[in-house]
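Fold and geometry: a report
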Amino acid sequence: MSTEAPAALTVLNSLQVQQAPGINMDDRLRLVPGFSLFRRSSSLVANPTTQGVSLRGIGSSGASRSVVLWDGVPLNSPFGGWIYWTRVNPEELERVEVSRGASTSVFGDKAMGGAVTLFSKEPQKTRAWFGYEGGNQQSHMVEGAGSIYLGQSWAISGNGRGFTTDGYYIVPAYARGAIDTKANVKFATGTVRADYFTQHDKLFLRVDALSEERDNGTTLTQNSTVLGTISANYTREQGSSTFTLLGYHNREEFHATFSSIGAGRLTESLTLRQSVPAESTGGAGLWRKSGAKWNLLSGGDFNRSEGYSLERVYPTGSRVGGGTQLQYGLFSQGDLTLGILKFFGGLRGSDAGNGTAFWSPSGGVTVGLERWRFRTSAYRAFRAPTLNELYRQFRVGNALTLANPALQPESLRGVEAGADFNAGTTRISVTGFDNRLDGLVTNVTLSVTPTLITRQRFNAADATARGVEATASHRWGAWRGEASYLLADSRYATGERIPQIPKHQGSALLTWMRGRTLVSGGLRAAGLQFEDDRNSFLLPGFAVLHAAVRQQLTHNVTATFALENALNREYAVGFSPTVLTGSPRLWRLGLRWNLR
């Protein structure tokens, strides 16, 4: 896929995933150009409602403008579109693909900015491992996984993780008051999967569950989530055709408390208690057909989501907001090879969830010349507002954001062009892009006082996101170096910068691997960005260093070490209106036993 599509794609194999530091996949993906969450915070301490994915500066939001698929099943919350990154164990992924831009017509409205696709490791005849990691901030994690064949056609596999940490303060020492506590997370997650396979048929059934609890940095603010998903995927290959059927059902319940903070952060009053039950049911059917010089993919999908925000307002009062969304679509996409040229075209027709039809065409061409590949594509996409944006309000400190049930779908028109160079040990990719966004849903500031910032979600002014991204890698002997850079000038039509999007961001990683030893170290940096739509609250740029080591001690035992923010750099991630800071220096040391 990465060498055929007319798009900018990053593919990480299991080794590349393992050599990046971070408990969860969001921290490991921050080395990919353009990948970020709504704020700079790690999912270790961030409220899950701020863990939506932004790619390529397409208007960061708590609700993802990019879809995250785990073996074909969406990870996006049915109520808010955000991602629970604690669900997936990075150690159990075979590869990760990050597609930036809506250059395909296959995905629905959640993929307006691109797609992150996670592929689990296939079951093996006999495989089992167990690991433990401990670190500063009283961090402890136990994890394990295994698989076994049952006869010639069945396999059972599973994995689980448990993690706890005391966390860290998200308010700098000079601004802390009596109400400030450490932000942290405790979670347990597990997955069980059954696979059936014959020469022409593959079927898997999977159940996964997550329970997590978080302290959000003050005495009275916490949140917790319990969720579970059951899914099935059936594929049949018959000659040059492949048929795939996918189905899933997800249920989750999110609880949170919010407060107002007094002068000097000395007092705190409970203002809101929320319980948000939600569920979704969806499915897809796909048919693939291949010829000597062409490929065709056609199908359809649907998703029904239902959720409600049940709110107790203090000192007196209650509020209920929510509803259902039914979205469905049909799509077809194909390619044709003529000599050194390869043409792509696709079309998707979707219902936005409010009875409005939306058409998403895409097209592109690639030119292959030995080590070089040139590509260009154009596309149109949209995103319907989530139930969260329509019906749920929230508060961060003394910054209140109101819902808006009158929101309309937002849309995007984009073009991009790039070149890829592949000389075996050296790879270089450069892409220029220009995206026009209409009706962008964002948090609009209504008023600012010393004690309260009030914002509300609106379809704001039109916006543009244009820029250049580049990646490069080179291998020499036991060494591998790679670097990435993104320039994204994302602005409203009125000239203000889109909040939470830095103009410059980049990363570099150097890895040495020989025999039983792997050592990697790198840098992640981002330029200044703004917290708000008025560009009043400036978040300065920052850079942090990280490192990871894996040493195989015996045939069955491996030691691991990870270090994040090695220089203990303090950097701002938000305002409430008090400045909020990112993670301090974090380190972990662990052992892994392979029991196979």
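The structure presented is a predicted model; accordingly, all values stated were derived computationally and were not measured.

The rules behind each value
Residues numbered from 1 in each chain as written. Predicted model: local features only at pLDDT ≥ 70, side-chain atom pairs only at ≥ 80, totals over all residues. Heavy atoms only, no water. Helix = DSSP H or I, 4+ residues; strand = E, 2+ residues; numbered from the N terminus. Polar contact = N/O pair within 3.5 Å; in protein donor to acceptor, adjacent residues only side chain to side chain. Pairing = 2+ DSSP bridges. Phe/Tyr/Trp six-rings, centres within 6.5 Å; stacked < 30°, edge-to-face > 60°. Buried < 20%, exposed > 50% of the residue type's maximum accessible area, 1.4 Å probe, protein only. Lys NZ or Arg CZ within 6 Å of the ring centre and 35° of its normal. Axes fitted to C-alpha atoms, helices over the stretch in contact; angles between N-to-C directions.

To continue, consider the side chain of Arg 127. For Arg 127, the position within the fold is in strand β8 (residues 126-135). Here the side chain of Arg 127 touches Glu 92 through a polar contact of 2.7 Å, side chain to side chain.

Glancing now at the pairing of strand β17 (residues 318-338). Pairing between strand β16 (residues 294-313) and β17: 19 bridges, direction antiparallel. When the bridges of β17 are listed, Asn 295 appears paired with Asp 335. Here β16 hands over to β17 after 4 residues, with Gly 317 in that stretch at a positive phi of 120°. Across 11 bridges, β17 lies against strand β18 (residues 341-351) in antiparallel orientation. Residue pairing across strands places Leu 336 opposite Phe 343, the latter belonging to β18. Taken together, β17 and the strand that follows it, β18, pair antiparallel across an intervening segment of 2 residues, in which Gly 339 is found at a positive phi of about 65°.

This part covers the packing of aromatic side chains. Counted by the stated rule, this structure contains 11 aromatic pairs. Ring geometry for Phe 35 and Trp 85: centres 6.0 Å apart, planes at 80°, overall edge-to-face. Of this pair, Phe 35 sits in the loop between α2 (25-29) and β2 (36-37) while Trp 85 sits in the loop between β5 (73-74) and β6 (93-100), and the two are 50 residues apart along the sequence. Take Phe 35 and Trp 85: they sit in the same class, and that class is buried. Between Tyr 149 and Phe 197 the ring centres are 5.4 Å apart and the planes differ by 50°, which places this aromatic pair in the tilted class. Of the two residues, Tyr 149 is situated in strand β9 (residues 139-150) and Phe 197 in strand β11 (residues 180-197); the sequence distance between them amounts to 48 residues. Counting every residue linked through ring pairs, the aromatic cluster contains Trp 372, Phe 374 and Phe 421. Between the NZ or CZ atom of Arg 206 and the centre of the ring of Trp 70, over which it lies, the distance is 3.9 Å.

The next point concerns the sheet that holds strand β22 (residues 399-402). With mixed pairing, 4 strands are arranged side by side in an open sheet as β21-β22-β26-β25. Of all strands in the sheet, those with a lone pairing partner are β21 (394-396) and β25 (441-448), marking the two edges. Taken over all neighbouring pairs, the strand axes of this sheet differ in orientation by 25° on average, direction set aside. In this structure, β21 lies alongside β22, joined through 3 bridges in antiparallel fashion. Looking at the pairing, Val 396 lines up with Ala 399 of β22.

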